[in-house]
Amino acid sequence: MSAVESSTVPTSSAGAVTSAGTAPPAGATSTETGDSASAPPRIAPTAPTAPKKHAPRLRALDGLRLIAALMVAAYHYGGRDGEVSAAWGTSPQLQFPTLHTWFAYGCLGVQIFFVISGFVICMSGWGRSLRSFFASRVSRLMPAYWAAIVIVTAVFALPVVAYHAVSPSDALLNLTLMQQPLGADRVLGVCWTLWAEVRFYALFALCVVLPGATRRRVILFCASWTLAAAIAQAAREPLLDLILMPEYAPFFIGGIGLYLVHRDRRDAYAWGIVLVSWLIGQHYAVAELWHAPDPRFFSDRSATGIILVVTLGFAAVAAVALGRLDRANWPWLTVAGALTYPFYLVHEHLGWVAIKAYHQGLGLPSYVTAPLTVVTMLTLARLLNRLVEDRLTPRLRSALSKPR
């Protein structure tokens, strides 16, 4: 996942931004997983006068994150075959004769997550030290992730659960988030997206946060990554693919460009980054997710449908960046944003268990089982947020932020 963010950022006044080459004052905080992000207050360029008041929280971004997570859940519950078919007892095609075609597009929620992640991570890293950035990322990703690993492993080990747990050695390795590059079995099917996020964090930290974020440096980073990713794709070199992630880079880069747009909506370079990223991103999405109609495949996504979903994802984040959704300032969206990351972690594998219990165990129809499973996973996410994230995240961040 996961680019699940909630944030408060400085709004542009008539497009005014900090001049190129000058980083805003330190103090911004952010979350890849649901904490609020207060961007640094703007300071007049002529003198260190009192900071301006904070801009409103971008609660619409919280709502967008939850929508993306629900898209992925719809895909995992009714938009694909595989293990979920054992939970339903039959293929989801039979459970959702019409809706399964729409649910198949839900996998594109991941690409929307990546766009949001680019937006918020750029904001988060602006004016921050490398230590602070590292502490923020680790403290937000890992507590809920560790809890999800333990819970899913324990549930799958129960004799009444038909799914098999990974080996004890692989389960322990999963706690490091390094299971995918090391070739171990994954406890969480969705953790592949976290591996992509971690690589993005590393690139952004080394190229932008470490030397200090400026508009010019961020633009250079976006341009360089876009070109390098294209070269990596042409070279077909596995190491370059691993580092540069050609198929996901345009979504992260597009989100960064949209944050620059948020700082100054008249920034032609920022809009250029967004446009090029969208053009490349839709290409990769179609290349990976489209195939000619074939009865042997579950999905039947059209190229037009894929392009449309990617476009809507970019457009939704752009609407947030431009302030078009500032009226969506309802407090409950903050709660929704806080639930997104833990929900994303547990919804797939534990969702299979819930679906089987509700549908085959209690005999509930599919149109009741699916939403009830979502509510169950959201309830579990709320418990993880309150009992794990709220308690461990501040402590871990404090411990990692202390200078030695």
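Everything numeric in this text was worked out from a predicted model, so none of it was measured. (Residues numbered from 1 in each chain as written. Predicted model: local features only at pLDDT ≥ 70, side-chain atom pairs only at ≥ 80, totals over all residues. Heavy atoms only, no water.)

Trainee: I'm lost on the overall build of the protein chain in this one. Help?
Mentor: In terms of helices and strands, the protein chain carries 16 helices and two strands. Here the protein chain, with 404 residues, has 53% of them falling under the buried criterion. Residue pairs at least 24 apart in sequence account for 77% of intrachain contacts in the protein chain once pairs closer than 6 positions are excluded. (Helix = DSSP H or I, 4+ residues; strand = E, 2+ residues; numbered from the N terminus. Buried < 20%, exposed > 50% of the residue type's maximum accessible area, 1.4 Å probe, protein only. Contact = heavy atoms within 4.5 Å.)

Trainee: What exactly am I supposed to notice about a nonpolar patch on the surface here?
Mentor: Together, Y367, V368, L372 and V375 give the surface a local cluster of nonpolar side chains, amounting to about 360 Å² of exposed area. Looking at the element boundaries, V368 is found in helix 16 (residues 366-401). (Patch = residues over 30% accessible without salt bridge, like charges linked within 9 Å, V, L, I, M, F, W, Y side chains within 5 Å. Areas by Shrake-Rupley, 256 points an atom, 1.4 Å probe, with all protein chains shown as cover. Salt bridge = Lys/Arg side-chain N within 4 Å of Asp/Glu carboxyl O.)

Trainee: It is not clear to me how the packing of aromatic side chains should be interpreted in this structure. Could you clarify?
Mentor: Here the distance between the centres and the angle between the planes together describe a pair of aromatic rings. All told, the structure shown has 21 aromatic pairs when counted by the stated rule. Ring geometry for F200 against F252: centres 4.4 Å apart, planes inclined by 15 degrees, an arrangement best described as stacked. With F200 in helix 8 (residues 191-209) and F252 in helix 11 (residues 249-263), the pair connects residues that are 52 residues apart, well separated along the chain. The pair F200 / F252 is uniform in exposure class, with both members buried. Each member of the aromatic cluster is reached from another via a ring pair, and the members are F114, F133, W192, F200, Y201, F204, F221, W225, Y248 and F252. The ring of W126 has R263 lying over it, and the distance from NZ or CZ to the ring centre is 4.0 Å. (Phe/Tyr/Trp six-rings, centres within 6.5 Å; stacked < 30°, edge-to-face > 60°. Lys NZ or Arg CZ within 6 Å of the ring centre and 35° of its normal.)

Trainee: Where do I start with the pattern of salt bridges in this structure?
Mentor: Two side chains bearing opposite charge may form a pair once their charged atoms approach each other closely. Under the counting rule described, the total for this entry stands at five salt bridges. For R80, the salt bridge is made with E348, and the minimal N-O distance between the two is 3.8 Å. One end of the pair, R80, is in the loop between helix 1 (59-78) and helix 2 (83-88); the other, E348, is in the loop between helix 14 (332-346) and helix 15 (349-361), and 268 residues separate them in sequence. Exposure remark for R80: the relative accessible area of 26% places this residue in the partly exposed category. The class of E348 is buried, set by a relative accessible area of 7%. When the shortest N-O distance is used, the salt bridge between D390 and R386 registers 3.8 Å. Of the two residues, D390 and R386 both sit in helix 16, four residues apart, roughly one turn of that helix. We classify R386 as partly exposed; its relative accessible area is 46%.

Trainee: Teacher, can you tell me more about the nonpolar core here?
Mentor: The tendency in soluble globular proteins is for nonpolar side chains to be buried as a group. F119, Y145, L188, F200, F204, W225 and L345 are the most contacted members of the largest nonpolar core, which totals 112 residues. Of all the elements, helix 5 (residues 109-125) adds the most residues to this core, at eleven residues. The contact partners of L345, leaving out residues within four places of it in the chain, are A144, Y145, A148, L188, V190 and L194. (Core = buried A, V, L, I, M, F, W, Y, C linked by side-chain atoms within 4.5 Å.)

Trainee: How do you make sense of the side chain of R59 when you look at a structure like this?
Mentor: Secondary-structure assignment places R59 in helix 1. Reaching out from R59, the side chain makes a polar contact with the side chain of T334 at a distance of 2.7 Å. Not counting chain neighbours up to four residues away, the residues in contact with R59 comprise A328, N329, W330, P331, L333 and T334. (Polar contact = N/O pair within 3.5 Å; in protein donor to acceptor, adjacent residues only side chain to side chain.)

Trainee: Help me out: how do you make sense of the packing of helix 11 against helix 13 (residues 303-321) in this one?
Mentor: In a pair of packed helices, the angle between the axes and the distance between the axes together describe the arrangement. Between helix 11 and helix 13, the shortest axis-to-axis distance is 9 Å and the interhelical angle comes to 25 degrees. One finds that helix 11 runs roughly parallel with respect to helix 13. Handedness of the helix 11/helix 13 crossing: right-handed. In this structure, helix 11 contributes P250, F251, G254, L258 and H262 to the contact, and helix 13 contributes V310, F314, V317, A318, V320 and A321. (Axes fitted to C-alpha atoms, helices over the stretch in contact; angles between N-to-C directions. Parallel < 35°, antiparallel > 145°, perpendicular 65-115°, else oblique. Left-handed = near helix turned anticlockwise from the far one by under 90°.)

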